[in-house]
Amino acid sequence: MKTGALFGAMTLLSACSMSIIPQGAAQGRATQQEGEWVTGGSSEVSAPQLATQQYPTRTLQPVDPAQLIRIGTDTTRALGAGIAAGPDIATLNISEAKAGSALQSFRTSCSSLVRREDNSGLTQGADWQLSCDAAKNWQTNDALRFFTSYFESVQVADGTAFATGYFEPQILGSKVRNRDYQIPVFRRPANLIDVDLGLFSEDLKDKRVRGKIDGTKLVPFEDRAAIDDGAIAGQGLEIAWARDYIDFFFLQIQGSGRLALPDGSVMRIGYAGQNGHDYTGIGKVMRERGLLADGKTNMQGIVEWLRANPAEGMRIMRENKSYVFFTELTGPGPLGAMGHPVVARTSVAADRMFVPLGAPVFLDMEHNIADGLWVAQDSGGAIKGANRFDTFWGAGQEAAQIAGGMSSRGQALIFLPKGSVSKLRARRASPSE
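Residues numbered from 1 in each chain as written. Predicted model: local features only at pLDDT ≥ 70, side-chain atom pairs only at ≥ 80, totals over all residues. Heavy atoms only, no water.

A. Here's a closer look at the overall build of the protein. Along the protein, the regular secondary structure elements total twelve helices and 17 strands. Taken across its 433 residues, the protein has 55% of its residues classed as buried. Per element, the accessible surface of the protein, about 17700 Å² overall, is 48% carbon and sulfur. (Helix = DSSP H or I, 4+ residues; strand = E, 2+ residues; numbered from the N terminus. Buried < 20%, exposed > 50% of the residue type's maximum accessible area, 1.4 Å probe, protein only. Areas by Shrake-Rupley, 256 points an atom, 1.4 Å probe, with all protein chains shown as cover.)

This is the structure in C-alpha cells:
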C-alpha cells in the first residue's frame with residue numbers, strides 16, 4: 001500500500017464511527033486526514049515524517065491457516081473467516097503503561113460489553129462478565145497481569161492487519177450566526193429514523209437503513225446537497241455555526257471535533273447521527289479525474305485545489321451525499337460506537353463483524369508507534385473486514401501528524417475471555433453447526 005500520507009489523501013479516509021448504513025451507526029467520529037483543520041485556512045502542518053520512515057521487521061508471526069476454526073460459510077464475519085489460538089499473551093511485547101491504559105478503557109467499555117450482541121459471533125455478553133467484574137478493582141499498575149489472567153489471544157483469518165489513524169480536528173465556529181459564521185452545524189432531526197432490517201428477515205440480519213417517513217412509506221432522508229440548500233433550515237436544529245465550509249466538511253468526515261469560538265473558548269461537538277446516504281471519499285474522485293498535480297496528492301493539496309476552484313470544488317464535495325449531525329459534548333469525548341469516550345493512543349476502531357466491540361486488540365505494525373495493546377471502542381463506514389483498524393491519536397498538531405501518516409501493515413490479535421477457543425471448537429463439532 002502507498003504511504004500513509006498518500007493513502008489518507010486519496011481515500012479521505014476511514015469514516016470511523018460514522019458507520020454508514022446499512023452497517024449501522026455509531027456515535028463518534030469518522031476518519032483521519034492530514035493536518036489539523038484550524039482557523040479557517042489550509043493547514044500549516046507539513047507532511048508527517050511517519051510516511052517516509054523505515055521500520056524494523058515485525059516480530060509477531062501468523063498462525064498456520066490450516067489451524068483456523070471455521071463455523072459456517074459466512075466469510076463476512078469472524079466465524080466464517082476462521083479463528084485460531086494465538087500465542088501466550090505473556091510472550092507478547094506489551095508495556096505495563098500500554099496495558100494500564102487499555103485496562104482503563106476496557107473497564108469503561110464493560111457496562112456495554114456484557115449487554116450488547118457480538119456481531120462477530122465469537123462471544124456472548126455473559127462471556128465477558130468474569131473479566132469485567134475483575135477489572136472493577138484491578139490496580140492499573142498491575143494491568144499486564146490482568147490481561148494474562150483473564151484472556152487468550154486469537155487470530156482472525158490470516159491475521160494480516162492494516163491500520164490507519166484519526167484525530168479530533170479544530171475549526172473556527174460560533175454559537176451565534178453572524179456575517180462571518182454562516183455554515184450551520186445541525187443536531188439530529190427528530191424525523192430521521194433507523195431501521196434494523198434483521199427484525200423483519202433473518203436474511204437481512206445486521207443490515208440497517210436510515211431514512212424518514214413520508215405518508216406510509218420509508219424514503220431516503222435529504223442528501224448533502226439538499227441540506228446545504230436549506231432542506232432542514234428553520235427547524236431550530238442549529239447548535240452552532242462554522243466559518244468555513246471546507247473546514248466543516250472535513251470535520252464531518254472525522255465525525256467529531258472542536259469549534260474555536262470568538263471569545264477564545266472551545267465548543268466540543270460529537271457525532272449524533274448520519275443521513276443514511278453512502279459515504280464517498282472525494283480524494284479518490286479527484287484522483288480518478290486527474291485534478292491533483294504531482295506533489296499535490298496530500299490533504300493540503302486537496303484543500304488548496306478546493307479553495308482555488310470553489311464552484312467545481314463544491315460540486316465535488318456534494319458528491320459525498322453523506323451528511324453528519326452533531327451534539328454538543330460537555331463531558332469526556334469524543335464518543336465512540338459504544339457510546340463511551342475514545343482515548344488517545346488507546347482506542348481503536350474495528351469492524352464489529354470481526355471484532356467484539358470492547359475487546360482488547362494487539363497490533364504489531366510497520367509503524368512501531370502503533371504497536372501494542374488497544375481497545376476496540378469504535379467502528380466506521382470504511383473500517384471493514386478482518387483485521388482492519390483505525391487508531392485514535394487525540395487532538396492537536398502531533399495527533400494530526402501521526403494520524404495523517406498512519407497507513408501501516410502488520411499482524412493483529414484479538415483478546416477473548418479464556419476458554420473462548422475451546423467453546424468455538426465445541427460448536428464446530430456440534431451437529432447443529
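The rest of the description comes next.
B. Focus on the environment of Phe221. By secondary structure assignment, the location of Phe221 is in the loop between β8 (217-219) and α6 (224-228). Of the residues examined, Phe221 reaches a relative accessible area of 3% and is grouped as buried. With 53 residues separating them along the chain, Phe221 and Gln274 place their C-alpha atoms 9.6 Å apart. Not counting the four nearest positions on each side in its chain, Phe221 is found in contact with Pro189, Asn191, Leu192, Gly211, Lys212, Ile227, Ile232, Asn275, His277 and Phe325. (Contact = heavy atoms within 4.5 Å.)

C. Highlighting the sheet that holds strand β10 (residues 257-260). In spatial order, the strands read β5-β9-β4-β10-β11-β12; together these six strands make up an open sheet with mixed pairing. Two strands bound the open sheet, and with one partner strand each, they are β5 (183-186) and β12 (324-329). On average, each strand axis in the sheet is tilted by 45° relative to the strand beside it, whichever way the strands run. By the bridge criterion, three bridges tie strand β4 (residues 170-174) to β10 in an arrangement that is parallel. Residue pairing across strands places Ile171 opposite Leu259, the latter belonging to β10. (Pairing = 2+ DSSP bridges. Axes fitted to C-alpha atoms, helices over the stretch in contact; angles between N-to-C directions.)

D. Representation of the confidence of the model for the protein. On average, residues of the protein score 85 in pLDDT, and 85% of them are at 70 or above. Predicted confidence is poor over residues 1-57, with pLDDT under 50, and the contacts of this stretch with residues over four places away or in other chains come to 241 contacts. (pLDDT = per-residue confidence, 0-100.)

E. Region of the structure containing unusual backbone geometry. For Arg345, which is not glycine, the phi torsion reads 65° and is therefore positive. Inspection of the secondary structure assignment puts Arg345 in the loop between β12 and β13 (347-350).

F. Looking closely at the packing of aromatic side chains. For the coordinates displayed, the defined rule picks out 18 aromatic pairs. On the basis of an interplanar angle of 50° and a centroid distance of 6.5 Å, the ring pair of Phe186 and Tyr323 is categorised as tilted. Of this pair, Phe186 sits in strand β5 while Tyr323 sits in the loop between α10 (310-318) and β12, placing them 137 residues apart in sequence. Overall, the relative accessible area of 2% leaves Phe186 in the buried class. On the numbers, 6.1 Å between centres and 90° between planes, the contact of Phe221 with Phe325 is edge-to-face. (Phe/Tyr/Trp six-rings, centres within 6.5 Å; stacked < 30°, edge-to-face > 60°.)

G. Region of interest: the packing of helix α3 (residues 96-113) against helix α5 (residues 143-150). For the pair α3 and α5, interaxial distance at closest approach is 7 Å and the crossing angle is 65°. Regarding the angle of α3 to α5, the classification is roughly perpendicular. Here Glu96, Ala99, Gly100, Ala102, Leu103 and Phe106 of α3 lie close against α5, whose contacting residues are Ala143, Leu144, Phe146 and Phe147. Residue classes in the contact of α3 with α5 are distributed as eight nonpolar, one polar and one charged. (Parallel < 35°, antiparallel > 145°, perpendicular 65-115°, else oblique. Nonpolar A, V, L, I, M, F, W, Y, C, P; charged D, E, K, R; others polar.)

H. Spatial organisation of the environment of Leu259. Within the element layout of this structure, Leu259 appears in strand β10. Separated by 89 residues in the primary sequence, Leu259 and Gln170 have C-alpha atoms spaced 5.7 Å apart. The residues touching Leu259, leaving out its near neighbours within four places in the chain, are Ile171, Gly173, Ala240, Ser265, Val266, Met267 and Ile269.

I. Structural context of the sheet that holds strand β7 (residues 208-214). Taken in spatial order, the three strands of this open sheet run β6-β7-β8, and their pairing is antiparallel. Every interior strand has two partners, whereas the edge strands, β6 (193-196) and β8, have only one. Between one strand and the next, the sheet's axes are offset by a mean angle of 55°, whatever the strand orientation. Direction of pairing for β7 relative to β8: antiparallel, over a ladder of three bridges. Paired with Ile213 across the strands is Leu218, a residue of β8.

J. View of the pattern of salt bridges. According to the stated counting rule, one finds 18 salt bridges in the structure shown. Two residues, Arg179 and Asp180, come together in a salt bridge whose shortest N-O distance is 3.9 Å. Of the residues examined, Arg179 reaches a relative accessible area of 75% and is grouped as exposed. Note on Asp180: relative accessible area 35%, which makes it partly exposed. Several salt bridges share partner residues, and in doing so they unite Glu168, Arg258 and Arg268 into one network. (Salt bridge = Lys/Arg side-chain N within 4 Å of Asp/Glu carboxyl O.)

K. How the structure looks around the state of the cysteines. Using the criterion set out here, one finds one disulfide in the structure. Each disulfide pairs two cysteine sulfurs, and for Cys110 the partner residue is Cys132, the sulfurs being separated by 2.1 Å. Residues Cys110 and Cys132 are joined by a disulfide whose S-S torsion is about -85°; by sign, that bridge is left-handed. Residue Cys110 is found in helix α3, and its partner Cys132 is found in helix α4 (residues 129-135); the two are separated by 22 residues along the sequence. As far as the burial class goes, Cys110 and Cys132 line up, both buried. (Disulfide = S-S within 2.5 Å.)

L. Fine view of the pairing of strand β15 (residues 372-378). Extensive coverage of β15 is indicated by the burial of seven of its seven residues. The sheet contact formed by β13 and β15 spans three bridges and is parallel. Residue pairing in the sheet places Val348 in a bridge with Ala376 of β15. Bridge count for strand β14 (residues 360-365) against β15 is four bridges, and the pairing is antiparallel. By the bridge assignment, Val361 is partnered in β15 with Trp374.

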